[in-house]
Structures are given as C-alpha cells and as structure tokens.
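# Residue-level structure breakdown
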Amino acid sequence: MYHTIVTLKKGEGRTVKAGGAWIYDNEIESVAGHFEDGDIVEVHDFDGYFLGYGFLNRHSKIRIRLLARKREHVIDDAFLEQRVRNAWEYRKATTDTGCCRIIFGEADFLPGLIVDKFSNVLVVESLALGINRLKPRILDILKRVLLEDGIAIRGIYERSDAKVREREGMERFKGFIGDSFDTKVEIEENGVRFLVDVQDGQKTGYFLDQKYNRLAIRRLYKDKKVLDCFTHTDSFALNAAAGGATSVLGVDASELGCAQARENALLNNMEDRVSFQCADVFELLPELEQRGERYDIVILDPPAFTKSRSSIKNAVKGYREINLRGMRLVKDDGFLATCSCSHFMDPELFAKTLKEAAHAAHRRLRQVEFRTQACDHPILWAADQSYYLKYYIFQVVEEL
C-alpha cells in the first residue's frame with residue numbers, strides 16, 4: 001500500500017514499541033523506496049516485523065511520527081474522521097466544550113496537530129510536515145462533526161508560528177484559513193468572561209490547560225489579598241476575584257498582556273478589586289519584599305524556562321529563584337500555587353527544586369494538592385511529551 005519501507009536498527013525503537021509515537025534519525029537502519037518528505041511510510045523492526053505507518057521527514061531529528069499501528073489501516077478520510085470523532089467524543093465526556101482543546105497531537109493519535117476551540121472559532125497549530133499536508137482534510141471533517149452537534153464554526157485561524165516549525169523544514173505561518181473574522185473572541189471559563197485574542201495572544205491565544213487548576217484554588221480566595229505573577233491575560237487573577245478576593249495584583253512583562261487583562265477585568269466588572277502592573281517578575285518580587293508587602297496567596301505561573309534538555313540547569317535556577325521569592329511574600333499560613341509547564345522539568349526535578357527553594361526561604365510547605373493539565377490535554381502514557389504541566393497548591397508555614 002505504501003511503497004517506502006523504513007527498517008529500524010536492531011535494538012532500537014524502544015519508545016515506539018512501548019506505545020510512543022516518535023522514531024529518531026539515529027534509530028533507522030535503512031529507507032527503501034521513493035518518497036518525499038512528509039509522505040506516509042511503512043515501518044518495520046530490524047527483523048521485518050511490522051510496527052506501523054507514519055510520516056517521514058528527513059529535515060527533523062524526529063524522523064518518523066507514527067500515525068497507525070495496524071497493518072489493515074488505510075490513511076484515508078474515513079480513518080481521519082474516526083480519529084476526529086474519537087477526540088471530540090472524549091471532550092464531550094470529560095470537559096466543558098465551550099472552550100477546549102479538541103485535538104492534542106500525539107495524545108489524540110494525530111501527531112503534531114493542535115486544535116483549540118474558543119466558542120465558535122477554531123485555532124490550529126501544525127508542527128509536523130506530514131500532518132500539515134492532512135490539515136485541510138482534518139479541519140473540514142472537524143467542522144462537519146461539530147455541526148452535527150449544532151456547533152457552526154464561523155472561522156479558523158492558524159497559529160503555526162512556533163520556531164519548532166523550522167526544524168521540520170517548514171516556514172512559520174500565522175493567518176486566516178478561509179474568510180477573515182474578528183479575532184477577539186469572547187469565552188466563558190469557570191463563570192468568568194474573557195476576550196481571547198487568537199491573532200496576537202500567546203500560543204493559540206489562551207492557556208486552556210490551566211482551566212480546572214484555576215478553579216481548584218478558588219475556594220481559598222475569599223477575603224484574601226492575592227499576587228498573580230506572569231498573569232498573561234489575568235486568568236488566575238479574575239478567577240481569584242470571582243472567588244471573593246478583596247484585592248488582586250496581576251503582574252506580567254507584556255504590555256499587550258496587561259492591556260488585555262485590564263479589558264477582561266472591565267468585562268467582568270472587577271476593576272475595583274483587580275489591578276495590573278507591567279513588570280519583570282524576577283525584578284519586582286525582591287522590590288515587593290523590601291517594601292514589606294505580604295500576600296495571603298501568591299500564584300506563580302511562569303512560561304517554560306526550558307524547551308530542551310540542554311538548558312535544564314539554567315531553568316532549575318530560574319524556578320528555584322522565582323519560588324524562593326514567592327514563598328517569602330506569602331504570609332504565615334498563607335498559600336502558594338506554583339507551576340511548571342516545561343516537559344523537560346520532570347515532576348521529580350520540579351519537586352526537588354521547590355524543596356530547595358523552601359529550605360533557602362526558611363519556609364515549610366504543607367501540600368494541599370498536586371494537579372496536572374486539564375483533561376482536554378490528555379496525558380497518553382508512553383507518549384511522554386504529552387505530560388508537561390505540574391501544578392502544586394501549598395500552605396506556607398514558618399519554619400519552627
């Protein structure tokens with residue numbers, strides 16, 4: 001069926017055999033047949049045993065992304081529709097579908113493809129050459145599947161502007177797929193309204209992966225003074241106000257983010273309790289400590305400090321520093337919510353870093369809860385890249 005056969009070296013392919021989707025360039029013994037980068041190829045183990053079908057791309061160190069494991073599979077529209085339907089049915093069963101991630105790459109067996117739904121707008125990110133070729137067909141199928149549930153999509157915007165595209169031999173792209181539309185989209189999350197800028201906001205416009213983590217801490221906010229660091233468009237900050245916080249300060253280095261945050265505060269009539277400051281969090285936190293500021297709850301939701309294994313040491317320093325400073329600003333018996341969204345900062349290393357920060361700050365941490373990303377970003381076991389978000393809620397107590 002597929003005319004190119006890729007054979008792995010003896011002893012390689014351990015990740016794929018364990019359930020993962022990636023085969024690296026150094027695992028391949030031979031490629032037999034005529035192909036173009038992005039084509040679907042047949043993958044065999046060293047002894048000829050069939051392993052699956054996947055996209056081949058010589059520009060990428062991830063040489064093959066596996067798409068199907070059964071020999072009888074045919075990668076046609078019926079196959080793609082089943083993948084899309086499975087993804088949508090999973091979201092309907094597990095999450096609020098008003099705004100959610102409908103397709104999460106490898107975890108939905110469509111490697112390299114992200115599709116977020118904000119009300120009746122889709123935002124797509126395509127990170128692999130092979131899936132990029134199938135993207136128009138997948139999006140047409142998805143629109144049809146959603147329409148069956150009465151959801152008419154009014155527009156699609158592509159945010160394939162991540163640098164990783166270049167490592168796949170693709171140019172970065174950002175723009176409308178189809179007709180243009182107003183790219184400020186209103187959504188509701190946990191009863192709070194947000195305007196999402198799908199064109200100029202970070203990533204796809206809004207971080208849906210923290211939806212239920214923002215809700216998890218809401219019960220602690222009543223009558224509290226809150227500091228929300230790396231607030232972006234103020235999603236944690238407005239959830240704090242909705243939970244009854246008396247005052248919330250949101251901090252972000254982005255002027256655009258702070259402007260959007262103020263707009264969202266006005267949208268929810270929370271501007272009297274929520275304020276924003278455009279500043280570097282690493283510089284501001286020591287200043288707040290010197291001024292004697294203290295907060296009932298401090299939230300640390302930084303961007304990924306590392307996107308590769310090679311820079312993990314510097315990332316650890318950053319996470320340790322920001323958490324040390326944050327802990328010092330929490331009142332005795334107050335609370336700290338702290339996160340890492342870097343896949344390479346694994347749970348054990350993140351916990352170790354927090355322990356070191358607490359020791360340096362002379363504070364004790366009483367764990368309230370540990371959480372990961374929202375269920376519309378499912379963690380597929382054996383596909384390690386699908387697990388990236390670590391989120392702790394601690395009570396911070398004085399060291400005795």
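This structure is a prediction, so every number in the text was calculated from the model and none was measured.

### Topic: the sheet that holds strand β7 (residues 99-104)
Reading across from one edge, β7-β8-β9-β10-β11 is the order of the five strands in this open sheet, with mixed pairing throughout. Here the strands that pair on one side only, and so sit at the sheet edges, are β7 and β11 (173-177). Strand after strand, the sheet turns through a mean of 15° between neighbouring axes, direction not considered. As defined by bridge partners, strand β9 (residues 121-126) adjoins strand β10 (residues 155-160) across four bridges and the pair is classed as parallel. Paired with L122 across the bridge in β10 is I156. Each of β7, β8 (113-118), β9, β10 and β11 is contacted by helix α3 (residues 129-148), which is oriented at about 160° to β9, the strand it contacts most.

### Let's talk about the pattern of salt bridges
This structure, assessed with the given rule, holds 35 salt bridges. A salt bridge links D37 to R58, with the shortest nitrogen-to-oxygen separation between them at 3.0 Å. Here the residue D37 occupies a position in the loop between β3 (28-32) and β4 (40-44), and R58 occupies one in the loop between β5 (50-56) and β6 (62-68), the gap between them amounting to 21 residues. What makes R58 partly exposed here is its relative accessible area of 48%. Ionic pairing is found between R172 and E166, a salt bridge with its closest N-O pair at 3.1 Å. Judged by relative accessible area, R172 falls into the partly exposed class, the value being 41%. The class of E166 is partly exposed, set by a relative accessible area of 45%. Each of the salt bridges in this network shares a partner with another, and the network as a whole consists of E81, R85, R144 and E148.

### Quick look at the environment of E42
Position of E42 among the secondary structure elements: in strand β4. Relative accessible area serves as the criterion here: at 8%, E42 is assigned to the buried category. Within the structure, E42 has its side chain in polar contact with the side chain of R71 (distance 3.3 Å).

### Points about the environment of D332
Residue position: D332 is located in strand β18 (residues 330-340). For D332, a relative accessible area of 44% gives the class partly exposed. Each C-alpha atom, one on D332 and one on R219, is 18 Å from the other, the two residues being 113 residues apart in sequence. Setting aside residues up to four positions removed in sequence, D332 forms contacts with R363, V396 and E398. Polar contacts involving the side chain of D332 include one to the side chain of R363, which spans 3.0 Å.

### As for the side chain of S126
Inspection of the secondary structure assignment puts S126 in strand β9. On the basis of relative accessible area, S126 is assigned to the buried category, the value being 0%. Beyond its immediate sequence surroundings of up to four residues, S126 is in contact with G112, L113, I131, N132, K135, E158, S160, R165 and M170.

### So, the nonpolar core
Side chains of a nonpolar character, in soluble globular proteins, are inclined to be buried together. Counting residues in each nonpolar core, the largest one holds 43 residues, and the members touching the most others are F118, V198, I217, Y221, V226, V274 and I297. For this core, the leading source of residues is helix α6 (residues 235-242), giving five residues. Among residues more than four places away in sequence, those in contact with V198 are F118, V123, Y157, R159, F181, T183, V185, T204 and G205. With 33 residues, the next largest nonpolar core counts I75, F79, I102 and I138 among its residues.

### Focus: helix α9 (residues 312-328)
Helix length check: α9, at 17 residues, gives a terminal C-alpha distance of 24 Å against a target of 24 Å (1.5 Å per residue), a fit within 8%. Taken as a whole, α9 has its buried residues at I312, A315, V316, G318, Y319, I322, N323, L324, G326 and M327.

### Let's talk about empty space enclosed by the protein
Taken as a whole and judged by the stated rule, the model has one cavity of 30 Å³ or more. Taken as a whole, the largest cavity encloses approximately 50 Å³ of empty space. The wall of the largest cavity is formed by G38, F55, L56, N57, I62, R63, I64, R65, A128, L129, G130 and E168. Looking at the lining of the largest cavity, the elements that each hand over two or more residues are β5, β6 and α3. With four residues, the single largest contributor to the lining of the largest cavity is β6.

### Observations regarding the state of the cysteines
As enumerated under the stated definition, the model contains zero disulfides in all. Summary of cysteine pairing: C258 is not part of a disulfide, and the nearest cysteine sulfur, belonging to C278, is at 4.4 Å. The cysteine C375 is free of any disulfide, with C100 supplying the nearest cysteine sulfur at 9.3 Å.

### Thoughts on helix α7 (residues 255-267)
Along an α-helix, residues three or four positions apart point the same way, because every turn accommodates 3.6 residues. In a regular helix each residue adds 1.5 Å, so 13 residues correspond to 18 Å; α7 covers 18 Å between its end C-alpha atoms and thus fits that length. Structurally, α7 contributes buried residues whose contacts are with β13 (192-197), α6, β15 (247-252) and β16 (274-278). Regarding α7, its N-cap is S254, as a side-chain oxygen of that residue lies 3.3 Å from the backbone nitrogen of L256 further along. Once α7 finishes, N269 follows within two positions and takes phi at roughly 55°, a positive value.

### Here we look at the packing of α9 against helix α10 (residues 347-361)
The interhelical angle for the contact between α9 and α10, taken along N-to-C directions, is 45°, at an axis separation of 8 Å. Accordingly, the angle class assigned to the pair α9 and α10 is oblique. Of the two possible hands of crossing, α9 and α10 adopt the one that is right-handed. For the pair formed by α9 and α10, the contact residues are I312, V316, Y319, R320, N323, L324, M327 and R328 on the first element and L349, F350, T353, L354, E356, A357, A358, A360 and A361 on the second. Grouping the amino acids of the contact of α9 with α10 by side-chain chemistry returns 12 nonpolar, two polar and three charged.

Analysis parameters
- Residues numbered from 1 in each chain as written.
- Predicted model: local features only at pLDDT ≥ 70, side-chain atom pairs only at ≥ 80, totals over all residues.
- Heavy atoms only, no water.
- Pairing = 2+ DSSP bridges.
- Helix = DSSP H or I, 4+ residues; strand = E, 2+ residues; numbered from the N terminus.
- Axes fitted to C-alpha atoms, helices over the stretch in contact; angles between N-to-C directions.
- Contact = heavy atoms within 4.5 Å.
- Salt bridge = Lys/Arg side-chain N within 4 Å of Asp/Glu carboxyl O.
- Buried < 20%, exposed > 50% of the residue type's maximum accessible area, 1.4 Å probe, protein only.
- Polar contact = N/O pair within 3.5 Å; in protein donor to acceptor, adjacent residues only side chain to side chain.
- Core = buried A, V, L, I, M, F, W, Y, C linked by side-chain atoms within 4.5 Å.
- Expected span 1.5 Å × (residues − 1).
- 1 Å grid on protein atoms, 1.4 Å probe; cavity = no way out; pocket = protein on both sides within 12 Å on 5 of 7 lines; lining within 4 Å.
- Points joined across faces, edges and corners; volume = space filled by probe spheres on them.
- Disulfide = S-S within 2.5 Å.
- Parallel < 35°, antiparallel > 145°, perpendicular 65-115°, else oblique.
- Left-handed = near helix turned anticlockwise from the far one by under 90°.
- Nonpolar A, V, L, I, M, F, W, Y, C, P; charged D, E, K, R; others polar.

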